[in-house]
Amino acid sequence: MIKTFEPLDIAGMQIKNRVGVAPMCTYLCEKKDGVANDFHFTHYTNLALGQPGLIIQEATAVNEFGYISDNCLGIFNPRQKEALTHLVSLVHRYDTKFGIQLAHAGNKSRRSNTLRFGPMTTDDVVGMSQIEIDRFIQDFSNSAKAARACGYDFVEIHGAHGYLINQFLSPLTNQRDDEYGQDRTLFLKQVTQAVVKAFEGPVFIRLSGDEYDPMGNSVEDIQKIGALCLSLGVCLLNISSGGFANIPHIGPLYQVHLATQMKQATQGLVATAGLITEAEQVAQIIDSGQSDIVLLGRKFLQDPYFLLKWKYKEGLVQEKDVFAYVYRGLRSLK
Ligand SMILES: Cc1cc2nc3c(=O)[nH]c(=O)nc-3n(C[C@H](O)[C@H](O)[C@H](O)COP(=O)(O)O)c2cc1C
(Lines give C-alpha, C1' and ligand atoms only; values in the text may rest on other atoms or scores of the structure.)
Protein backbone atom coordinates (compact mmCIF):
# COMPACT_ATOMS: atom_id res chain seq x y z
CA MET A 1 0.00 0.00 0.00
CA ILE A 2 1.23 3.49 -0.79
CA LYS A 3 1.27 5.48 2.45
CA THR A 4 -0.45 8.44 0.77
CA PHE A 5 -3.53 6.26 0.30
CA GLU A 6 -3.58 4.94 3.86
CA PRO A 7 -6.17 6.37 6.24
CA LEU A 8 -5.19 8.76 9.00
CA ASP A 9 -6.86 9.47 12.31
CA ILE A 10 -7.05 13.16 13.23
CA ALA A 11 -8.49 13.56 16.72
CA GLY A 12 -10.98 10.77 16.11
CA MET A 13 -11.81 11.82 12.54
CA GLN A 14 -10.68 9.21 10.00
CA ILE A 15 -9.61 10.52 6.62
CA LYS A 16 -9.36 7.93 3.87
CA ASN A 17 -6.10 9.23 2.39
CA ARG A 18 -3.57 11.93 3.15
CA VAL A 19 -4.23 14.38 0.36
CA GLY A 20 -6.62 17.29 0.85
CA VAL A 21 -7.97 20.25 -1.05
CA ALA A 22 -6.41 23.50 0.20
CA PRO A 23 -8.81 26.31 1.10
CA MET A 24 -9.29 28.53 -1.93
CA CYS A 25 -11.57 31.54 -2.23
CA THR A 26 -13.69 31.38 -5.35
CA TYR A 27 -15.12 34.91 -5.12
CA LEU A 28 -18.43 33.80 -6.60
CA CYS A 29 -21.14 34.81 -4.16
CA GLU A 30 -23.73 37.06 -5.68
CA LYS A 31 -25.04 40.39 -4.48
CA LYS A 32 -22.50 40.64 -1.64
CA ASP A 33 -24.70 38.26 0.35
CA GLY A 34 -22.06 35.69 1.36
CA VAL A 35 -24.52 32.91 0.51
CA ALA A 36 -23.35 29.70 -1.19
CA ASN A 37 -25.11 29.22 -4.53
CA ASP A 38 -25.28 26.73 -7.40
CA PHE A 39 -21.68 27.45 -8.29
CA HIS A 40 -20.43 26.42 -4.81
CA PHE A 41 -22.66 23.34 -4.81
CA THR A 42 -21.15 22.21 -8.12
CA HIS A 43 -17.58 23.22 -7.37
CA TYR A 44 -17.24 21.43 -4.04
CA THR A 45 -19.19 18.39 -5.26
CA ASN A 46 -16.83 18.12 -8.20
CA LEU A 47 -13.82 18.29 -5.87
CA ALA A 48 -15.37 15.60 -3.65
CA LEU A 49 -15.84 13.27 -6.64
CA GLY A 50 -12.05 13.25 -7.01
CA GLN A 51 -11.90 11.45 -3.63
CA PRO A 52 -9.50 13.59 -1.59
CA GLY A 53 -9.17 12.66 2.08
CA LEU A 54 -10.51 16.04 3.07
CA ILE A 55 -11.62 19.36 1.65
CA ILE A 56 -11.11 22.67 3.42
CA GLN A 57 -13.74 25.12 2.27
CA GLU A 58 -12.53 28.57 1.33
CA ALA A 59 -12.13 31.39 3.85
CA THR A 60 -15.62 32.08 5.17
CA ALA A 61 -16.33 35.26 7.10
CA VAL A 62 -17.46 35.09 10.71
CA ASN A 63 -19.06 38.54 10.57
CA GLU A 64 -19.96 41.28 8.11
CA PHE A 65 -16.55 42.95 8.46
CA GLY A 66 -14.61 39.71 7.95
CA TYR A 67 -15.09 39.16 4.21
CA ILE A 68 -11.94 39.25 2.09
CA SER A 69 -13.91 40.50 -0.93
CA ASP A 70 -17.43 41.42 -2.00
CA ASN A 71 -17.95 37.87 -3.27
CA CYS A 72 -16.73 35.74 -0.36
CA LEU A 73 -18.79 33.33 1.72
CA GLY A 74 -20.09 34.05 5.22
CA ILE A 75 -21.40 31.92 8.06
CA PHE A 76 -23.27 34.26 10.35
CA ASN A 77 -26.84 34.73 9.07
CA PRO A 78 -29.69 32.26 8.53
CA ARG A 79 -29.58 32.24 4.71
CA GLN A 80 -25.84 31.59 4.74
CA LYS A 81 -26.19 28.76 7.23
CA GLU A 82 -29.07 27.17 5.32
CA ALA A 83 -27.07 27.17 2.06
CA LEU A 84 -23.97 25.80 3.80
CA THR A 85 -26.01 22.99 5.36
CA HIS A 86 -27.09 22.00 1.85
CA LEU A 87 -23.50 22.25 0.61
CA VAL A 88 -22.25 19.94 3.37
CA SER A 89 -24.98 17.40 2.62
CA LEU A 90 -23.94 17.35 -1.06
CA VAL A 91 -20.23 16.90 -0.33
CA HIS A 92 -20.95 14.17 2.20
CA ARG A 93 -22.67 12.10 -0.48
CA TYR A 94 -19.21 11.46 -1.90
CA ASP A 95 -17.51 10.25 1.25
CA THR A 96 -14.92 12.87 2.04
CA LYS A 97 -14.35 14.87 5.20
CA PHE A 98 -15.41 18.47 4.78
CA GLY A 99 -14.23 21.38 6.90
CA ILE A 100 -14.73 25.12 6.80
CA GLN A 101 -12.08 27.78 7.19
CA LEU A 102 -13.39 30.37 9.65
CA ALA A 103 -11.88 33.68 8.70
CA HIS A 104 -11.74 37.37 9.42
CA ALA A 105 -9.87 39.53 6.93
CA GLY A 106 -9.32 42.37 9.44
CA ASN A 107 -7.56 45.32 7.85
CA LYS A 108 -7.02 43.35 4.60
CA SER A 109 -10.71 43.29 3.74
CA ARG A 110 -11.19 44.55 0.20
CA ARG A 111 -14.96 44.77 0.60
CA SER A 112 -16.58 47.91 -0.72
CA ASN A 113 -18.31 50.36 1.63
CA THR A 114 -17.36 48.66 4.87
CA LEU A 115 -15.41 49.46 8.00
CA ARG A 116 -12.04 47.75 8.22
CA PHE A 117 -10.91 46.58 11.65
CA GLY A 118 -7.43 45.69 12.86
CA PRO A 119 -5.25 45.79 15.94
CA MET A 120 -4.10 49.33 15.13
CA THR A 121 -5.82 52.51 13.96
CA THR A 122 -4.63 53.90 10.62
CA ASP A 123 -6.19 56.22 8.02
CA ASP A 124 -8.75 53.67 6.92
CA VAL A 125 -8.62 51.07 9.70
CA VAL A 126 -10.44 51.11 13.02
CA GLY A 127 -8.17 49.90 15.83
CA MET A 128 -10.25 47.41 17.77
CA SER A 129 -11.51 48.32 21.24
CA GLN A 130 -12.10 45.69 23.91
CA ILE A 131 -15.79 45.73 22.97
CA GLU A 132 -14.99 44.85 19.36
CA ILE A 133 -12.44 42.23 20.41
CA ASP A 134 -15.04 40.55 22.64
CA ARG A 135 -17.63 40.75 19.88
CA PHE A 136 -15.36 39.26 17.22
CA ILE A 137 -14.36 36.38 19.54
CA GLN A 138 -18.07 35.74 20.06
CA ASP A 139 -18.53 35.80 16.27
CA PHE A 140 -15.85 33.12 15.87
CA SER A 141 -17.59 31.09 18.56
CA ASN A 142 -21.03 31.50 16.97
CA SER A 143 -19.61 30.52 13.57
CA ALA A 144 -18.02 27.39 15.03
CA LYS A 145 -21.36 26.48 16.57
CA ALA A 146 -23.04 27.12 13.23
CA ALA A 147 -20.44 24.96 11.47
CA ARG A 148 -21.29 22.10 13.82
CA ALA A 149 -25.01 22.58 13.10
CA CYS A 150 -24.35 22.66 9.32
CA GLY A 151 -22.64 19.25 9.62
CA TYR A 152 -19.00 20.09 8.90
CA ASP A 153 -16.55 17.42 10.06
CA PHE A 154 -13.95 19.94 11.19
CA VAL A 155 -13.19 23.64 11.26
CA GLU A 156 -9.98 25.49 10.45
CA ILE A 157 -9.20 28.83 12.09
CA HIS A 158 -7.55 31.14 9.56
CA GLY A 159 -4.58 32.46 11.48
CA ALA A 160 -2.34 33.03 8.43
CA HIS A 161 -1.72 35.28 5.43
CA GLY A 162 -1.80 38.59 7.27
CA TYR A 163 -5.52 38.46 8.09
CA LEU A 164 -6.99 39.54 11.43
CA ILE A 165 -5.59 36.85 13.74
CA ASN A 166 -2.20 37.09 12.03
CA GLN A 167 -2.38 40.90 12.41
CA PHE A 168 -2.69 40.47 16.19
CA LEU A 169 0.13 37.91 16.21
CA SER A 170 2.67 39.91 14.25
CA PRO A 171 4.85 42.73 15.59
CA LEU A 172 4.53 44.20 12.07
CA THR A 173 0.88 45.07 12.68
CA ASN A 174 0.41 44.92 16.45
CA GLN A 175 2.12 47.59 18.50
CA ARG A 176 -0.74 47.93 20.99
CA ASP A 177 0.20 48.95 24.50
CA ASP A 178 -2.64 47.04 26.18
CA GLU A 179 -2.64 43.34 27.11
CA TYR A 180 -3.25 42.39 23.43
CA GLY A 181 0.07 44.02 22.57
CA GLN A 182 1.99 42.82 25.61
CA ASP A 183 0.92 39.28 24.69
CA ARG A 184 0.38 39.24 20.95
CA THR A 185 -0.97 35.68 21.14
CA LEU A 186 -3.84 36.70 23.44
CA PHE A 187 -6.43 37.29 20.69
CA LEU A 188 -5.50 34.00 19.01
CA LYS A 189 -5.73 32.21 22.37
CA GLN A 190 -9.18 33.58 23.09
CA VAL A 191 -10.46 32.84 19.60
CA THR A 192 -9.03 29.31 19.68
CA GLN A 193 -10.46 28.54 23.10
CA ALA A 194 -13.86 29.82 21.98
CA VAL A 195 -13.82 27.81 18.74
CA VAL A 196 -12.59 24.58 20.37
CA LYS A 197 -15.35 24.86 22.99
CA ALA A 198 -18.09 25.75 20.51
CA PHE A 199 -17.27 23.26 17.75
CA GLU A 200 -16.77 20.17 19.92
CA GLY A 201 -14.83 18.39 17.17
CA PRO A 202 -11.53 18.57 15.28
CA VAL A 203 -10.15 22.10 15.01
CA PHE A 204 -7.25 22.93 12.68
CA ILE A 205 -5.41 26.21 12.44
CA ARG A 206 -3.62 27.71 9.47
CA LEU A 207 -0.51 29.69 10.40
CA SER A 208 2.04 31.55 8.33
CA GLY A 209 5.19 29.65 9.24
CA ASP A 210 7.41 32.47 7.97
CA GLU A 211 6.57 36.17 7.75
CA TYR A 212 9.65 36.81 5.58
CA ASP A 213 10.41 40.05 7.40
CA PRO A 214 13.22 40.53 9.90
CA MET A 215 10.90 42.77 11.95
CA GLY A 216 8.14 40.16 11.98
CA ASN A 217 7.74 36.95 13.95
CA SER A 218 10.66 34.57 13.44
CA VAL A 219 10.13 30.98 12.35
CA GLU A 220 10.89 29.94 15.95
CA ASP A 221 8.28 32.41 17.30
CA ILE A 222 5.69 30.83 15.04
CA GLN A 223 6.67 27.34 16.17
CA LYS A 224 5.94 28.45 19.74
CA ILE A 225 2.55 29.73 18.57
CA GLY A 226 1.94 26.33 16.95
CA ALA A 227 2.75 24.58 20.22
CA LEU A 228 0.41 26.95 22.05
CA CYS A 229 -2.42 26.12 19.65
CA LEU A 230 -1.92 22.39 20.23
CA SER A 231 -2.02 22.97 23.99
CA LEU A 232 -5.39 24.69 23.52
CA GLY A 233 -6.93 21.70 21.75
CA VAL A 234 -6.08 22.32 18.09
CA CYS A 235 -5.38 18.98 16.43
CA LEU A 236 -3.63 19.95 13.19
CA LEU A 237 -1.30 22.78 12.19
CA ASN A 238 -1.74 23.76 8.56
CA ILE A 239 1.47 25.60 7.76
CA SER A 240 1.50 28.17 4.99
CA SER A 241 3.53 31.39 4.86
CA GLY A 242 3.52 35.08 4.02
CA GLY A 243 0.83 37.71 4.17
CA PHE A 244 2.88 40.80 4.92
CA ALA A 245 6.09 40.85 2.89
CA ASN A 246 6.73 39.36 -0.54
CA ILE A 247 7.65 35.69 -0.47
CA PRO A 248 11.28 35.64 -1.66
CA HIS A 249 11.49 32.23 -3.34
CA ILE A 250 8.32 30.71 -4.73
CA GLY A 251 9.04 27.39 -6.40
CA PRO A 252 8.09 23.73 -6.15
CA LEU A 253 7.57 22.59 -2.54
CA TYR A 254 8.56 26.03 -1.22
CA GLN A 255 6.69 25.72 2.08
CA VAL A 256 7.26 22.06 2.95
CA HIS A 257 10.29 22.74 5.19
CA LEU A 258 8.16 25.04 7.37
CA ALA A 259 5.67 22.27 8.06
CA THR A 260 8.47 19.79 8.74
CA GLN A 261 10.17 22.14 11.18
CA MET A 262 6.85 22.82 12.89
CA LYS A 263 6.26 19.09 13.21
CA GLN A 264 9.71 18.56 14.69
CA ALA A 265 9.30 21.48 17.12
CA THR A 266 5.80 20.57 18.31
CA GLN A 267 5.34 16.85 17.59
CA GLY A 268 1.89 17.81 16.26
CA LEU A 269 0.14 16.73 13.09
CA VAL A 270 0.89 19.11 10.22
CA ALA A 271 -0.32 19.85 6.71
CA THR A 272 1.65 21.52 3.95
CA ALA A 273 0.77 23.17 0.64
CA GLY A 274 2.48 25.20 -2.03
CA LEU A 275 3.34 24.24 -5.59
CA ILE A 276 3.10 20.53 -5.03
CA THR A 277 1.91 19.25 -8.37
CA GLU A 278 3.27 15.74 -8.97
CA ALA A 279 2.32 12.36 -7.49
CA GLU A 280 6.00 11.62 -6.79
CA GLN A 281 6.32 14.82 -4.75
CA VAL A 282 3.26 14.00 -2.65
CA ALA A 283 4.47 10.43 -2.03
CA GLN A 284 7.94 11.62 -1.09
CA ILE A 285 6.62 14.17 1.44
CA ILE A 286 4.29 11.64 3.06
CA ASP A 287 6.72 8.69 2.99
CA SER A 288 9.54 10.69 4.51
CA GLY A 289 7.27 12.10 7.23
CA GLN A 290 7.93 15.71 6.18
CA SER A 291 4.21 16.34 6.54
CA ASP A 292 1.24 14.23 7.63
CA ILE A 293 -1.08 15.70 5.03
CA VAL A 294 -0.41 17.30 1.67
CA LEU A 295 -2.87 19.92 0.49
CA LEU A 296 -3.16 20.71 -3.19
CA GLY A 297 -4.66 23.98 -4.29
CA ARG A 298 -4.23 24.99 -7.89
CA LYS A 299 -3.51 21.39 -8.97
CA PHE A 300 -7.03 20.41 -7.95
CA LEU A 301 -8.44 23.48 -9.71
CA GLN A 302 -6.77 22.29 -12.91
CA ASP A 303 -7.67 18.66 -12.37
CA PRO A 304 -10.10 17.62 -9.61
CA TYR A 305 -9.48 13.97 -10.58
CA PHE A 306 -5.69 14.14 -10.16
CA LEU A 307 -5.66 11.93 -7.05
CA LEU A 308 -8.21 9.43 -8.38
CA LYS A 309 -6.24 9.06 -11.62
CA TRP A 310 -3.03 8.46 -9.68
CA LYS A 311 -4.76 5.89 -7.48
CA TYR A 312 -6.18 4.14 -10.54
CA LYS A 313 -2.77 3.95 -12.19
CA GLU A 314 -1.46 2.29 -9.02
CA GLY A 315 -4.16 -0.37 -9.39
CA LEU A 316 -5.97 0.83 -6.27
CA VAL A 317 -9.36 1.70 -7.81
CA GLN A 318 -11.81 -1.12 -8.46
CA GLU A 319 -14.93 -0.82 -10.56
CA LYS A 320 -17.11 -0.94 -7.43
CA ASP A 321 -15.29 2.01 -5.86
CA VAL A 322 -16.56 4.69 -8.24
CA PHE A 323 -19.56 5.50 -10.39
CA ALA A 324 -19.67 3.54 -13.65
CA TYR A 325 -19.19 6.65 -15.75
CA VAL A 326 -16.14 7.65 -13.71
CA TYR A 327 -14.66 4.16 -14.10
CA ARG A 328 -15.16 4.31 -17.85
CA GLY A 329 -13.24 7.56 -17.85
CA LEU A 330 -10.45 6.09 -15.76
CA ARG A 331 -10.17 3.01 -17.96
CA SER A 332 -9.42 5.19 -20.93
CA LEU A 333 -6.20 6.25 -19.17
CA LYS A 334 -4.55 2.95 -19.98
C1 LIG B 1 -7.58 31.14 -5.94
C2 LIG B 1 -6.91 30.95 -4.58
C3 LIG B 1 -7.61 31.27 -3.45
C4 LIG B 1 -7.05 31.05 -2.18
N5 LIG B 1 -7.80 31.29 -1.05
C6 LIG B 1 -7.32 30.90 0.15
C7 LIG B 1 -8.17 30.91 1.29
O8 LIG B 1 -9.36 31.17 1.22
N9 LIG B 1 -7.61 30.56 2.48
C10 LIG B 1 -6.29 30.18 2.59
O11 LIG B 1 -5.82 29.89 3.70
N12 LIG B 1 -5.50 30.12 1.50
C13 LIG B 1 -5.98 30.44 0.30
N14 LIG B 1 -5.21 30.28 -0.81
C15 LIG B 1 -3.87 29.64 -0.69
C16 LIG B 1 -4.00 28.13 -0.94
O17 LIG B 1 -4.72 27.50 0.10
C18 LIG B 1 -2.63 27.44 -1.06
O19 LIG B 1 -1.95 27.53 0.15
C20 LIG B 1 -1.77 28.07 -2.16
O21 LIG B 1 -2.51 28.21 -3.35
C22 LIG B 1 -0.53 27.22 -2.44
O23 LIG B 1 -0.88 25.92 -2.83
P24 LIG B 1 -0.93 25.46 -4.40
O25 LIG B 1 0.39 25.83 -5.01
O26 LIG B 1 -1.17 23.99 -4.33
O27 LIG B 1 -2.05 26.21 -5.06
C28 LIG B 1 -5.74 30.53 -2.07
C29 LIG B 1 -5.03 30.26 -3.25
C30 LIG B 1 -5.61 30.43 -4.49
C31 LIG B 1 -4.83 30.04 -5.72
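A quick note: this is a predicted structure, and the numbers were derived from the prediction, not measured.

(A) Inspection of the site of the ligand at higher detail. The environment of the ligand is formed by 15 residues, the closest being P23, Q101, R206, L275 and R298. At 2.7 Å from an oxygen atom of the ligand is found a main-chain nitrogen or oxygen belonging to P23. R298 is positioned with one of its side-chain polar atoms (N or O) 2.7 Å from an oxygen atom of the ligand. Computed on the free molecule, the ligand has an accessible area of 600 Å², of which 83% lies beneath the protein chains in the complex. Here the residues of the shell around the ligand are counted per class, giving 8 nonpolar, 5 polar and 2 charged.

(B) Summary view of unusual backbone geometry. Of note in the backbone geometry, Y27 takes a positive phi value of approximately 55° without being a glycine. Here Y27 shows up in the loop between strand 3 (19-21) and helix 1 (38-49). Residue classification places Y27 among the partly exposed positions, given a relative accessible area of 38%. Although it is not a glycine, K31 adopts a positive phi angle of roughly 55°. Note on placement: K31 falls in the loop between strand 3 and helix 1.

(C) Spatial organisation of the packing of helix 11 (residues 306-313) against helix 12 (residues 324-331). It is the contact of helix 11 with helix 12, at a shortest axis distance of 10 Å, that shows an interaxial angle of 65°. Compared by their axis directions, helix 11 and helix 12 come out roughly perpendicular. In terms of crossing hand, the pair formed by helix 11 and helix 12 is right-handed. Each of L308, K309 and Y312 in helix 11 lies in contact with helix 12, whose residues at this interface are V326, Y327, L330 and R331.

(D) Examining the pairing of strand 13 (residues 293-296) more closely. Where burial is concerned, the two faces of strand 13 agree: the one with I293 and L295 and the one with V294 and L296 are both buried. With 3 bridges joining them, strand 3 and strand 13 adopt parallel strand pairing. Opposite V21, over in strand 13, you have L296 as the bridge partner. For the crossover that starts at strand 12 (residues 270-272), traverses helix 9 (residues 279-287) and ends in the parallel strand 13, the hand is right-handed.

(E) Looking closely at helix 3 (residues 130-150). Between its first and last C-alpha atoms helix 3 spans 30 Å; for 21 residues at 1.5 Å apiece the expected length is 30 Å, and the two agree. G151 lies just past helix 3 and shows a positive phi near 105°.

(F) Inspection of the pattern of salt bridges at higher detail. According to the stated counting rule, one finds 11 salt bridges in the structure shown. Put simply, D124 and R116 hold a salt bridge, and the shortest N to O gap is 4.0 Å. Taking the relative accessible area as the measure of exposure, R116 reaches 18% and is therefore buried. Notably, a salt bridge pairs K309 with D303, separated by 2.7 Å at the nearest N-O pair.

(G) Molecular detail of the domain arrangement of the protein. Domain annotation of the protein identifies domain 1 (3-298) and domain 2 (304-334). One C-alpha centre belongs to domain 1, the other to domain 2, and the line joining them spans 31 Å. Tallying the contact residues gives 17 residues for domain 1 and 12 residues for domain 2. For the domain 1 and domain 2 pair, buried surface summed over both sides reaches about 1,200 Å², with 76% attributable to carbon and sulfur atoms. Of all residues in domain 1, F5, L49 and Q51 give up the largest surface area on contact with domain 2, accounting jointly for 46% of the area buried on that side. Run the count over domain 1 and domain 2 and you get 0 salt bridges. Elements with a contribution of two residues or more to the side of domain 1 that touches domain 2: helix 1 and helix 9.

(H) Quick look at the packing of helix 3 against helix 6 (residues 186-199). With their axes 8 Å apart at the nearest point, helix 3 and helix 6 run at an angle of 30° to one another. Taken together, helix 3 and helix 6 sit at an angle that is classed as roughly parallel. Where helix 3 crosses over helix 6, the two elements pack in a sense that is right-handed. Residue-level contacts link I133, F136, I137, F140, S141, A144, K145, A147 and R148 of helix 3 to F187, Q190, V191, A194, V195, A198 and F199 of helix 6.

Cut-offs applied
- Residues numbered from 1 in each chain as written.
- Predicted model: local features only at pLDDT ≥ 70, side-chain atom pairs only at ≥ 80, totals over all residues.
- Heavy atoms only, no water.
- Near = heavy atom within 4 Å.
- Polar contact = N/O pair within 3.5 Å; in protein donor to acceptor, adjacent residues only side chain to side chain.
- Areas by Shrake-Rupley, 256 points an atom, 1.4 Å probe, with all protein chains shown as cover.
- Nonpolar A, V, L, I, M, F, W, Y, C, P; charged D, E, K, R; others polar.
- Helix = DSSP H or I, 4+ residues; strand = E, 2+ residues; numbered from the N terminus.
- Buried < 20%, exposed > 50% of the residue type's maximum accessible area, 1.4 Å probe, protein only.
- Axes fitted to C-alpha atoms, helices over the stretch in contact; angles between N-to-C directions.
- Parallel < 35°, antiparallel > 145°, perpendicular 65-115°, else oblique.
- Left-handed = near helix turned anticlockwise from the far one by under 90°.
- Contact = heavy atoms within 4.5 Å.
- Pairing = 2+ DSSP bridges.
- Right-handed = clockwise from strand over helix to strand, strands pointing away.
- Expected span 1.5 Å × (residues − 1).
- Salt bridge = Lys/Arg side-chain N within 4 Å of Asp/Glu carboxyl O.
- Domains from an automatic or database assignment.
- Buried area = accessible area lost by both parts, 1.4 Å probe.

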